[in-house]
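Coordinates in review
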Amino acid sequence: MILRSITMEDFGLYQGRQTIDLIPERGRPVVLFGGRNGAGKTTLLEAVRLALYGKRALGVRVGKAEYEEHLLGRIHVGADGRRASGATISLEF
């Protein structure tokens, strides 16, 4: 199974709709992510984990209320302090 792309909308620090192509180029079989602290590398991995595992991404002992609170906390908040109305994550295989 090859992850071809991830699309996030208003998730974490990603504002608006962002699609990241994950298909390696011919002769370059690895996709690497780099960036400064706070650039969104961990947020990207968290998005993949949440999309694949849902509540279990946070651990087996996490309850429904804790999971929902976590998801609400991951909705993008702009520099002006306004929270987006929701967030989405989609994966293409």
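Everything in this summary refers to the structure shown in the same document.

Procedures and definitions
Residues numbered from 1 in each chain as written. Predicted model: local features only at pLDDT ≥ 70, side-chain atom pairs only at ≥ 80, totals over all residues. Heavy atoms only, no water. Helix = DSSP H or I, 4+ residues; strand = E, 2+ residues; numbered from the N terminus. Contact = heavy atoms within 4.5 Å. Patch = residues over 30% accessible without salt bridge, like charges linked within 9 Å, V, L, I, M, F, W, Y side chains within 5 Å. Areas by Shrake-Rupley, 256 points an atom, 1.4 Å probe, with all protein chains shown as cover. Salt bridge = Lys/Arg side-chain N within 4 Å of Asp/Glu carboxyl O. Buried < 20%, exposed > 50% of the residue type's maximum accessible area, 1.4 Å probe, protein only. Expected span 1.5 Å × (residues − 1).

Comments concerning the overall build of the chain
- When you go through the chain residue by residue, the secondary structure sums to 2 helices and 3 strands.
- Its helices and strands taken in sequence order, the chain reads β-β-α-α-β from the N to the C terminus.
- Taken over the C-alpha atoms alone, the chain extends approximately 45 × 35 × 25 Å along its principal axes.
- For the chain, contacts bridging at least 24 residues in sequence account for 55% of all contacts bridging at least 6.

Considerations on a nonpolar patch on the surface
- A grouping of Met1, Leu52, Tyr53 and Phe93 is seen on the molecular surface, where their side chains present a nonpolar patch of about 530 Å² in accessible area.
- Since its relative accessible area comes to 88%, Met1 is described here as exposed.

Examining helix α1 (residues 41–53)
- Taking 1.5 Å as the rise per residue, α1 with 13 residues should run 18 Å; its terminal C-alpha atoms sit 19 Å apart, in good agreement.
- Its buried side turned inward, α1 meets β1 (5–11), β2 (14–21), α2 (64–73) and β3 (88–92).
- Among the residues trailing α1, Gly54 stands out with phi positive, at a value near 60°.

Description of the pattern of salt bridges
- Scanning the entire structure with this criterion turns up 6 salt bridges.
- Put simply, Arg17 and Glu9 hold a salt bridge, and the shortest N to O gap is 3.2 Å.
- Relative accessible area serves as the criterion here: at 58%, Arg17 is assigned to the exposed category.
- By relative accessible area, Glu9 is classed as partly exposed at 29%.
- The partner of Glu46 in a salt bridge is Arg74, and the shortest N-O contact between them spans 3.0 Å. Linking Glu46 in helix α1 with Arg74 in the loop between α2 and β3, this pair joins segments that are 28 residues apart in sequence.

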